[in-house]
Amino acid sequence: MEMNQVITLSQFIANEQLKYPGSTGDLSKLFRDIKLAAKIVNRDVRKAGLVDILGEHGTINVQGEKVKKLDVLANDIFIASLKAGRDCCAVLSEEEDFFHEVNRNAKYVVAMDPLDGSSNIDVNATIGTIFSIYKRLSSVGSPVTEEDCLQPGVNQVAAGYVIYGSSTMLVYTTGQGVNGFTLDGSIGDFCLSHPDIRIPVDGAIYSVNEGNFSKFSDGVKAYIEYCKASDSATGRPYSARYIGSLVADFHRNLLKGGIFMYPGTSSAPKGKLRLMYECNPMSFLIEQAGGRSVTGEQRIMEVIPTELHQRVPVFMGSKNMVEQLEQMLNATTVA
Ligand code: AHG
Ligand code: MN
Ligand code: MN
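Just so it is clear, the structure is predicted and the values come from calculations on it, not from any experiment.

Draft legend 1. Region of interest: the overall build of the chain. Counting secondary structure elements, the chain contains 9 helices and 13 strands. Relative to its length of 335 residues, the chain is compact, with a C-alpha radius of gyration of 20 Å against a globular reference of 20 Å. For the chain, the spread of C-alpha atoms along the principal axes amounts to about 55 × 50 × 50 Å. Classification of the 335 residues of the chain by burial places 53% in the buried group. For the chain, long-range pairs separated by at least 24 residues make up 62% of all intrachain contacts whose partners lie at least 6 apart in sequence. Accessible area of the chain: about 15,000 Å², with a carbon and sulfur share of 51%. Charge centroids of the chain, computed over 32 positive and 38 negative side chains, lie 2 Å from each other.

This is the structure in structure tokens:
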């Protein structure tokens, strides 16, 4: 890359597409719609602190519109953009009970968490949007079915997230590695800033809501104790880092190396995070970056989904860390 040469997300996608002569460009158009929605949500997220000026949720703002919660607003913005673009047949969203048919003449299903980490909005901490893209199984033109939206993660054709942090980034994969783009507000476009992201094979960060420690299985407890034990050869104790926004915790560990855990607990055996729009897209990204993602029993992306809003325990991150955890889980199951 020449000095000062900027590659925008659209240029990057167009160049990638040239590598696949048979491609129709529909996926590129879908990315155009996701990119537009991300820019609009970014604008609204950046105004979130002005809620006192713009109006509380449920009140009427100065334009005479009802003020929506930011996660509902983000959901509406993404669906509107995907509808307008016409390349998405259905959206499955955290904010909707059932999937939402958008255009039955299109071939792609989008699963999304329109605003992840929304409890962090009030305290000005990093939040994100997560998306996952599948090809529908039923034929184009017919009504979209639940089976189209309930595919295992291995079927994903693309996945990514937008992180609204100190800068705004879009990170995605189509199964050819992971690339990150930073929004340059002055030109209004995402520019390639993190080409070919690889997660370090070893890491020194563990991320888990340790407040739930007493409710974890013996294997998970043993691994957390291992992270905290002193051992100069392996650089332990590791650092604990947990924001409580999956996108933020994931993004840090992806760049620095580490393990993110949301285990099952005695009160919630499947944990909290949702398979279709949180765990699968993040697992596709982490595997494409050279990492690993499991439920503790199997690869996340091989889980056969049975419900749209299904939850699943998740352990993902640097390959050696996840493998170490799996060994300890197996050891306590066998014992
Ligand atoms: P969402 O805001 O989309 O409901 O997701 C919140 C999720 C996720 O971002 C984070 O990893 C997790 O909740 C944190 O949960 P705890 O507060 O239980 O640790
Ligand atoms: Mn979420
Ligand atoms: Mn959410």
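Still more to cover.
Draft legend 2. Quick look at the coordination of the manganese ion (ligand 3). All of the protein donors around the manganese ion (ligand 3) are E94 (OE), D113 (OD) and L115 (O); their distances to the metal are 2.1 to 2.3 Å. Here the manganese ion (ligand 3) and the manganese ion (ligand 2) are spaced 3.8 Å apart, with D113 acting as a shared donor. For D113, a relative accessible area of 0% puts it in the buried group. Overall, L115 belongs to the buried group, its relative accessible area being 1%.

Draft legend 3. A look at the domain arrangement of the chain. Split into domains, the chain comes out as domain 1 (9-194) and domain 2 (205-334). Each of domain 1 and domain 2 has a C-alpha centre, and the two are 25 Å apart. Listed as interface residues are 46 residues of domain 1 and, on the opposing side, 31 residues of domain 2. When domain 1 packs against domain 2, the two sides together hide about 2,700 Å² of surface, and 69% of this comes from carbon and sulfur.

Cut-off values and rules
- Residues numbered from 1 in each chain as written.
- Chains lettered and ligands numbered in written order.
- Predicted model: local features only at pLDDT ≥ 70, side-chain atom pairs only at ≥ 80, totals over all residues.
- Heavy atoms only, no water.
- Helix = DSSP H or I, 4+ residues; strand = E, 2+ residues; numbered from the N terminus.
- Rg over C-alpha atoms; globule rule 2.2 N^0.38 Å.
- Buried < 20%, exposed > 50% of the residue type's maximum accessible area, 1.4 Å probe, protein only.
- Contact = heavy atoms within 4.5 Å.
- Areas by Shrake-Rupley, 256 points an atom, 1.4 Å probe, with all protein chains shown as cover.
- Lys, Arg positive; Asp, Glu negative; His and termini not counted.
- Charge placed at Lys NZ, Arg CZ, Asp CG, Glu CD.
- Donors = N, O, S within 2.8 Å, 3.2 Å for Na, K, Ca; no water.
- Domains from an automatic or database assignment.
- Buried area = accessible area lost by both parts, 1.4 Å probe.

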